Amino acid sequence: MVFAAPQDALARAEGVLDADPSLLHASIAHQVIGIWQRDWGDMKIALHHLRRARDLAARADSADREADVLAALGVALVHSGRTQQGLAALERGVERGTGHTRARVLFRRAYAGWVLGRHREALEDVRKAIPVLRQAEDTIWVARALTLRATVHLALGAVDRADADFTAAETLWDTTGQEHDKADIVESRGLAAFRSGDIPVSLRLFDEAEERYAKLGTPSFMLYIRRCEVLMAAGLAPEALAEADAAIGVLDGIGGQATRKAELLLVAAHAARRAGDPHTSIARAELAVRLFAGQRRPWWEAHARLVLIQARVAAGRGSGRLVADAAAVAEKLASFGAPVAPEASLLAGRIALGLGWTADAERHLAVAARSRHSGPPLARMTGWAAQALRARSAGSSRGVLEACRRGLDVLDDHRMTLGASELRARATEQGAELAALAQQASVESGGPRRLLVWSERWRATVLSAPPTRPPADPGLLGDLTSFRVIAAQAEEARMEGRPLPALEREQRRLEREIRSRTLHMRGDAPGDETRFDPARLLARLGEVRLVELAVLDGRVQVLLCAEGRVRRFEAGLVADAEREAEHVQAGLRRLAHPGADARLPVVEAMGHRLEELLLGPAAAHLGSGPVVVVPPGRLHRVPWALLPSLRERVLSVSPSASSWLRARETEPPPGGRHVLVRGPGLATGGAEVPELADRYGRPILLEHDDARVPRVLRELDGAALAHIAAHGVFRADSPLFSSLRMADGPLIVHDFERLDRSPYRIILSSCDTARLASVGADELLGLVTALLPLGTAGVVASSAPVNDAAVVPLMLALHKGLSVGLSLAEALRDARAALPGDAMHQATGWAFAAFGAA
């Protein structure tokens, strides 16, 4: 019962002990309590009960009973870090047991072998146990043995063998009432999906397993460990670190398994390094190494040492000693058959290259490069990264570019299995090194045009195809509706000064549910096979000049595309530009309030400095025609209209040149439907909307109770033009929950992704609607980037706080230009020029930008 109905089993066992049982029955009851505490409670209590069970079994003179208890005790001792004592108990159990009981003991010893990283010994014990268990028709233990064997196969990288065993075990579990074991097989299938590269299915199965464990009241620390691995692979390292640290806290609080604590520390170390916190990573990894060594778990210790070396390198501690350490870890991991061995060889080669040890580097990189043709996507990318570094060391730019191309193709295929735009964006982080190597090789060997091609190769890839449309999932739709209700109640409570902790907790819970459901979506769109063609771009530009900014070695490279050619100019340091952009944002916030006219010259001077840093000498070659700026993700907060050479001209912004081309070639929908939306709580009440309604004749006007999310989405779908006057909220912590406030609550990015086709042109007239979060290698998430792949060719939005009253004349002037056939960029240029010359109106004009090409 302990794995079928754990809480009932615990209560029944305690009841047996209260009823003056026989020695044999008391031994069984103590063992049940010991197993419960071992797996879900306090290890000290577990060991007390299991030792008591062993002693009672010996007094009852039952060899098989004693063998069974010794097996459970041996596993508990191993989990508590007392490896020698645990293995000795298991060995004694094998000696005391006979037939069927001995097979069960062999299974437990195999399990201990898996915990200790002794995979081949574990497989041997399972091989001996399974035929005996089958002969005894012991369905439960056969299923457990198959599940364990599959898990060991996964640790050795044998995914196909693991999948066959998992399938066989799942069939057997369906015939039993072992609910905990059923949850465990779901969790294990999630791990197998991850090892096969299927992150959405993995996350879905882990969530299902968590629900099953919750119903049983049994925490699974192994599930936390495995989910953290998947979160890291999906580019969600900060979340993985938070989850691992929280699990460690829970484990410490109940006095749980020392083995699981070491594993959680290893995961936390890995996550901290990936999250850009090498010092936390070093601290966690050092403790994990000590625990694994004390527990005599060399397989795990080698993995922890790899993360420790990676963290030390990230902290700037490259040295000859670290080359030797990384090489030794690589050799150790290879001897264990660990799939991460190539990663250790790549690390040794990378450190050696940094020290100028080319012969040593070549030796280690050659070993790592062998993984490029087989295995899961990230392992193949490791191999291609090693091959690219080998080519660079040999002075072969062509070899570097070929290796980078092949590696990024692998990642492209992997990204397109992901349905959620957030996962697609974050997955690009895995290719950042390959993209940087390719760009550097392009500069050295191919000139500006080749650099443009490689800059485009890894820029805004998440916009290359629409995200998978969320399914008509009643649970998701219900969560979205509940989220809006709770968010609206929280906003009302906030305005009235009422306490709202309970509402905020429920809102966070619903956000987690919505995000979880969207991350489960698999990609259903094929990869974009059309490679970026600079000749096609140059032919389509006409009189337009496109300025693409790339970053190499921390400096801005300006690629000016015009008049049939691409020219490269070098500007300032990107870090200086980022700081100046933040100062400008602060200045614009100040100018949004009356009485700040004295600050206007200061902000204008910042614009001059930004131009020097971002455009440098290229500013003198922009001519007088329209300009499209394609900034990297790190510079998305720059108000480009503030730069002197861009201030008076037709200006638009695009996440990539490819995205601009697609927008340019997007046809407007038939019918020319206009939609005007006015949300609640605006200082001006959205004063421009009634005037616009008169100007457009018979537009669809949604305001008051009509401006509810379901109706708004229905009318926006396929519209030619949409103007939304509604409070915008940008969520830096979770950009896909950035929102526009409607009558029934927030309209979030996840809602827009449910549209078949977003409006051809969309104007967002309130604050912060163009703010974006930079994630992955060079990706942006937010309202604007959600719209562009869904059919929107042009957006006007604000990247800074604006004055609501000053927005009204800007919007009226903008629509005046649109009504006579101007593009969004042309109309916005003319609207800025028509504004009064005071600081508040000027700042409002600079805060808005036109995105795309409509």
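Residues numbered from 1 in each chain as written. Predicted model: local features only at pLDDT ≥ 70, side-chain atom pairs only at ≥ 80, totals over all residues. Heavy atoms only, no water.

Visitor: Hey, could you run me through the overall build of the protein chain in this one?
Guide: Helix and strand counts for the protein chain come out as 37 helices and 16 strands. In summary, the protein chain has a C-alpha radius of gyration of 31 Å against a globular reference of 29 Å for 854 residues, a match within 12%. With the C-alpha coordinates aligned to their principal axes, the bounding extent of the protein chain is approximately 100 × 65 × 50 Å. Residues classed as buried in the protein chain amount to 58% of the 854 residues present. Expressed as a percentage of contacts within the protein chain between residues at least 6 apart in sequence, the contacts between residues at least 24 apart total 70%. (Helix = DSSP H or I, 4+ residues; strand = E, 2+ residues; numbered from the N terminus. Rg over C-alpha atoms; globule rule 2.2 N^0.38 Å. Buried < 20%, exposed > 50% of the residue type's maximum accessible area, 1.4 Å probe, protein only. Contact = heavy atoms within 4.5 Å.)

Visitor: Hey, could you run me through the pattern of salt bridges in this one?
Guide: Close approach of charged atoms lets side chains of opposite charge pair. Going through the model one piece at a time under the given rule, you end up with 51 salt bridges. A salt bridge links Glu433 to Arg350, with the nearest nitrogen and oxygen atoms 2.7 Å apart. With Glu433 in helix 23 (residues 432–445) and Arg350 in helix 18 (residues 341–354), this residue pair connects regions lying 83 residues apart in the sequence. Using a relative accessible area of 31% as the deciding quantity, one classes Arg350 as partly exposed. (Salt bridge = Lys/Arg side-chain N within 4 Å of Asp/Glu carboxyl O.)

Visitor: I keep staring at the confidence of the model for the protein chain and nothing clicks. Help me out?
Guide: In this model, the protein chain carries an average pLDDT of 88, and 93% of its residues clear a pLDDT of 70 or more. Across residues 525–529, where pLDDT falls below 50, the model places seven contacts with residues more than four positions away in sequence or in other chains. (pLDDT = per-residue confidence, 0-100.)

Visitor: Explain the nonpolar core here, please?
Guide: Most often, soluble globular proteins have nonpolar side chains that are buried together. The biggest cluster of nonpolar side chains holds 128 residues, and the ones touching the most others in it are Leu333 and Cys404. Beyond its immediate sequence surroundings of up to four residues, Cys404 is in contact with Ala388, Leu434, Leu437, Ala438 and Trp454. Within the second largest apolar cluster, 98 residues are counted, among which are Phe569, Val749, Val802 and Leu814. (Core = buried A, V, L, I, M, F, W, Y, C linked by side-chain atoms within 4.5 Å.)

Visitor: Help me out: how do you make sense of the environment of Arg96 in this one?
Guide: Here Arg96 shows up in helix 5 (residues 83–96). Note on Arg96: relative accessible area 25%, which makes it partly exposed. For the pair Arg96 and Arg450, spaced 354 residues apart in the sequence, the C-alpha separation amounts to 72 Å.

Visitor: So what exactly am I meant to see when it comes to the sheet that holds strand 10 (residues 739–742) here?
Guide: Within a sheet, neighbouring strands are paired by backbone hydrogen bonds and run either parallel or antiparallel to one another. Strand order across the open sheet formed by three strands is 9-10-11, with antiparallel pairing between neighbours. Every other strand in the sheet has two partners, leaving strand 9 (728–729) and strand 11 (745–748) as the edge strands with one partner each. Two strands pair when backbone bridges link them, and strand 9 and strand 10 are joined in this way by two bridges, in the antiparallel orientation. Paired with Gly728 across the bridge in strand 10 is Leu740. Seen against the sheet, helix 25 (residues 474–496) touches strand 10 and strand 11 and runs at an angle of roughly 130° to strand 11. Sitting on the sheet, helix 32 (residues 709–716) is in contact with strand 10 and strand 11, with an inclination near 30° to strand 11. (Pairing = 2+ DSSP bridges. Axes fitted to C-alpha atoms, helices over the stretch in contact; angles between N-to-C directions.)

Visitor: I tried to follow the pairing of strand 12 (residues 761–764) on my own but got confused; where do I start?
Guide: Two faces make up the sheet, and in a regular strand the side chains alternate between them. On strand 12, burial covers both faces: Arg761 and Ile763 on one face and Ile762 and Leu764 on the other are all buried. Here strand 8 (residues 721–725) runs beside strand 12; their pairing, made up of four bridges, is parallel. Looking across to strand 12, one finds that Ala722 is bridged to Ile762. Sheet topology note: the strand 12/strand 15 (residues 794–798) ladder contains three bridges and is parallel. What sits directly across from Arg761, in strand 15, is Gly794.

Visitor: Please explain helix 30 (residues 657–665) as it appears in this structure.
Guide: Turn by turn, an α-helix covers 3.6 residues, leaving residues three or four places apart pointing in a common direction. Every buried residue belonging to helix 30 is among Ala657, Ser658, Ser659, Trp660, Leu661 and Ala663, and all of these are buried. Of the surrounding elements, those touching the buried residues of helix 30 are helix 24 (447–457), helix 27 (534–541), strand 1 (545–552), strand 4 (627–630), strand 5 (651–653) and strand 16 (848–852).

Visitor: What should I look at first to understand unusual backbone geometry in this one?
Guide: Across the chain, the bulk of peptide bonds are trans and the bulk of non-glycine residues have phi less than zero. Of note in this structure, Asp61 is not a glycine but carries a positive phi near 60°. Along the chain, Asp61 falls in the loop between helix 3 (43–59) and helix 4 (63–79). A residue is classified by how much of its surface remains accessible, and Asp61, at 68% relative accessible area, is exposed. Its identity is not glycine, yet His704 carries a phi of approximately 55°, on the positive side. As for its position among the elements, His704 is in the loop between strand 7 (700–703) and helix 32. Exposure remark for His704: the relative accessible area of 59% places this residue in the exposed category.

Visitor: I tried to follow the packing of aromatic side chains on my own but got confused; where do I start?
Guide: Aromatic rings in a pair are described by how distant their centres are and how their planes are angled relative to each other. Applying the stated criterion across every chain, the model contains seven aromatic pairs. Taken together, a centroid distance of 5.8 Å and an interplanar angle of 75° make the contact between Phe3 and Trp40 edge-to-face. With Phe3 in the segment before helix 1 (6–17) and Trp40 in helix 2 (residues 23–40), the pair connects residues that are 37 residues apart, well separated along the chain. Among the aromatic residues, ring-to-ring pairing joins Phe3, Trp36 and Trp40 into one connected group. The aromatic ring of Trp384 is capped on one face by Arg372, whose charged end is 5.3 Å from the ring centroid. (Phe/Tyr/Trp six-rings, centres within 6.5 Å; stacked < 30°, edge-to-face > 60°. Lys NZ or Arg CZ within 6 Å of the ring centre and 35° of its normal.)

Visitor: Would you mind showing me how to read the pairing of strand 11 here?
Guide: Inspection of the sheet shows strand 10 paired to strand 11 by four bridges, in the antiparallel sense. Each residue of the ladder has a partner; that of Ser739, found in strand 11, is Ile748. A loop of two residues connects strand 10 with strand 11, the two strands running antiparallel in sequence.

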